[in-house]
Amino acid sequence: MASLEVLQLIEKAKLAFESENYEMAQVYLDEALLQSPDIPEVYFWRGKVATTDLNDEVIETAIGDFTQAVELKPDYWEAYFERGKVYLYFEKFEEAEEDFKKVIRLNPSFKDVYSYLAQIEIQRGNDEKAMEYLNNVTTGGDFKYYYNLGKIFLNAKNYSAAIENFTKALEDNKYLVDGYYLRSKAYEAVGKYREALEDLKKAATLTPEEKKFFTDMAKVYFKKAMKAADEGDIRKSADLFIEGLKINYNLKIRPEYEKILEEAAKDAMKKGEYRQAVLYLEFAERVVDNRCVDEQLPFEECYKRKQEINALMKQAEKGLPLKERIIKKLNDIYAK
């Protein structure tokens, strides 16, 4: 039986924890432990404090504290739940699953545990089982719940539900990089390319060293470009192809869209927009060069395509002011 003083120390620790003063919470708990080393709540809250640390070695010590708590109080379902979350953090799925199922046996009305069991099944690739667990959750959980539910719907190709749940996760955690990334995939799948690009840009801003965000951004620009071409908007299509190529020069334009840049150049020249025409043709030449190398096309075919582009380039250059023509000629000479 805990003394009144120990109970007061535990309450102070709880208040300190809730106000994110974890160091002070630890001080109160250490004092409580010295006075009464057999109180399960002391170990429980010591474990909770340890899980807030940024150091994995410290977080791992929480397992020992929660274990001590359940040894002293075998029906302490909250301790099993918290220990299960630590196991899940370290990807010890079997141990986490055992603890979470213990929680269900001890407190069947606690629904949040099902979202964590679903996370385990997602990691194992068992989406159907994950959905079974999540169907038991009648109320929403934290951002992890919605994020994982979003992943399940994305894998099931239910894109509207995926977007809805990723959005809820991001409302709760605006720094959830993978939430933006996966939501972009769902947006892309339903043809909402503007929204997909916005999410990829947010993900890239949060983690600029991750190359896949930029690669995928370029691919989305290409999809937008193909859609615009199919709708007959040649100039818009060409502009979008260029946006994608600026991000990733190695992307290949499908053969049926390859001449879009040349067609856009012709349209630009008709309107007296010679600088823009030159830009389109510079990228058109780059696209042809890349395809000739990558696909090892016959020399005659590559030569013919490059001659077509060069002929258009000469027309475009004639429309440039003299000074710009001279600068371009010099640049072409040094580039060779």
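As shown above, the structure is provided for reference.
This text gives an overview of the structure that appears in the document. (Residues numbered from 1 in each chain as written. Predicted model: local features only at pLDDT ≥ 70, side-chain atom pairs only at ≥ 80, totals over all residues. Heavy atoms only, no water.)

Looking only at helices and strands, the protein chain features 18 helices and zero strands. A compact globule built from 336 residues would reach a C-alpha radius of gyration of about 20 Å, whereas the protein chain, at 30 Å, exceeds it by more than 25%. Dimensions of the protein chain along its principal axes, counting C-alpha atoms only, are 95 × 40 × 35 Å. Burial analysis of the protein chain (336 residues in total) assigns 45% to the buried set. Long-range contacts, defined here as pairs at least 24 residues apart, represent 49% of the contacts in the protein chain between residues at least 6 apart. Carbon and sulfur atoms form 49% of the exposed surface of the protein chain, whose accessible area is close to 18700 Å². Computing the positive centroid from 53 side-chain charges and the negative centroid from 63, the protein chain places the two 10 Å apart. (Helix = DSSP H or I, 4+ residues; strand = E, 2+ residues; numbered from the N terminus. Rg over C-alpha atoms; globule rule 2.2 N^0.38 Å. Buried < 20%, exposed > 50% of the residue type's maximum accessible area, 1.4 Å probe, protein only. Contact = heavy atoms within 4.5 Å. Areas by Shrake-Rupley, 256 points an atom, 1.4 Å probe, with all protein chains shown as cover. Lys, Arg positive; Asp, Glu negative; His and termini not counted. Charge placed at Lys NZ, Arg CZ, Asp CG, Glu CD.)

Attention now moves to helix α2 (residues 22-35). When the terminal C-alpha atoms of α2 are compared, their 20 Å separation across 14 residues agrees well with the 20 Å that a helix rising 1.5 Å per residue should span. Looking only at α2, the buried set comprises Ala25, Leu29, Ala32 and Leu33. Each buried residue of α2 sits inside an arc of 100 degrees when the element is viewed along its axis, so together they form one side. Facing away from the buried side of α2 by more than 90 degrees, the exposed set consists of Glu23 and Leu34. Looking at the buried positions of α2, the neighbouring elements they touch are α1 (4-18) and α3 (40-50). (Expected span 1.5 Å × (residues − 1). Arc of directions from axis to C-beta.)

One finds Phe100, Phe241, Ile253, Leu261 and Tyr280 to be the most contacted residues of the largest nonpolar core, which totals 112 residues. When residues no more than four places from it in sequence are discounted, the contact partners of Tyr280 are Arg235, Ala238, Asp239, Ile242, Leu261, Ala264, Ala265 and Ala268. (Core = buried A, V, L, I, M, F, W, Y, C linked by side-chain atoms within 4.5 Å.)

Here the structure, examined in full by the defined rule, presents 32 salt bridges. With its nearest N and O atoms 2.9 Å apart, the salt bridge here joins Glu198 to Arg194. Taken as a pair, Glu198 and Arg194 lie in helix α12 (residues 193-206) at a separation of four residues, close to a single helical turn. Between Arg291 and Glu258 there is a salt bridge, with its nearest N and O atoms 2.4 Å apart. You can see Arg291 sitting in helix α16 (residues 274-295) and its partner Glu258 sitting in the loop between α14 (234-247) and α15 (260-270), a full 33 residues away along the chain. By relative accessible area, which is 14% here, Arg291 ends up buried. Residue Glu258 is classed as buried on the basis of its relative accessible area, which comes to 4%. Beyond isolated ion pairs, a larger network of salt bridges with shared partners links Glu258, Lys259, Glu262, Arg291, Glu295, Glu301, Arg305 and Glu308. (Salt bridge = Lys/Arg side-chain N within 4 Å of Asp/Glu carboxyl O.)

The next subject is the packing of α14 against α16. It is the contact of α14 with α16, at a shortest axis distance of 11 Å, that shows an interaxial angle of 55 degrees. The pairing of α14 with α16 is recorded here as oblique in orientation. Considering the relative orientation of α14 and α16, their crossing is left-handed. Across the interface between the two elements, Arg235, Ala238, Asp239, Ile242, Leu245 and Lys246 of α14 pack against Gln276, Leu279, Tyr280, Phe283 and Val287 of α16. Tallied by class, the residues present in the contact of α14 with α16 amount to seven nonpolar, one polar and three charged. (Axes fitted to C-alpha atoms, helices over the stretch in contact; angles between N-to-C directions. Parallel < 35°, antiparallel > 145°, perpendicular 65-115°, else oblique. Left-handed = near helix turned anticlockwise from the far one by under 90°. Nonpolar A, V, L, I, M, F, W, Y, C, P; charged D, E, K, R; others polar.)

This part covers the state of the cysteines. Counted under the stated rule, the structure contains one disulfide. The partner cysteine of Cys292 in its disulfide is Cys302, sulfur to sulfur 2.2 Å. Residues Cys292 and Cys302 are joined through a disulfide that is left-handed, its torsion about the S-S bond being -125 degrees. Here Cys292, found in helix α16, pairs with Cys302, found in helix α17 (residues 299-318); they are ten residues apart in sequence, far enough to count as distant. (Disulfide = S-S within 2.5 Å.)

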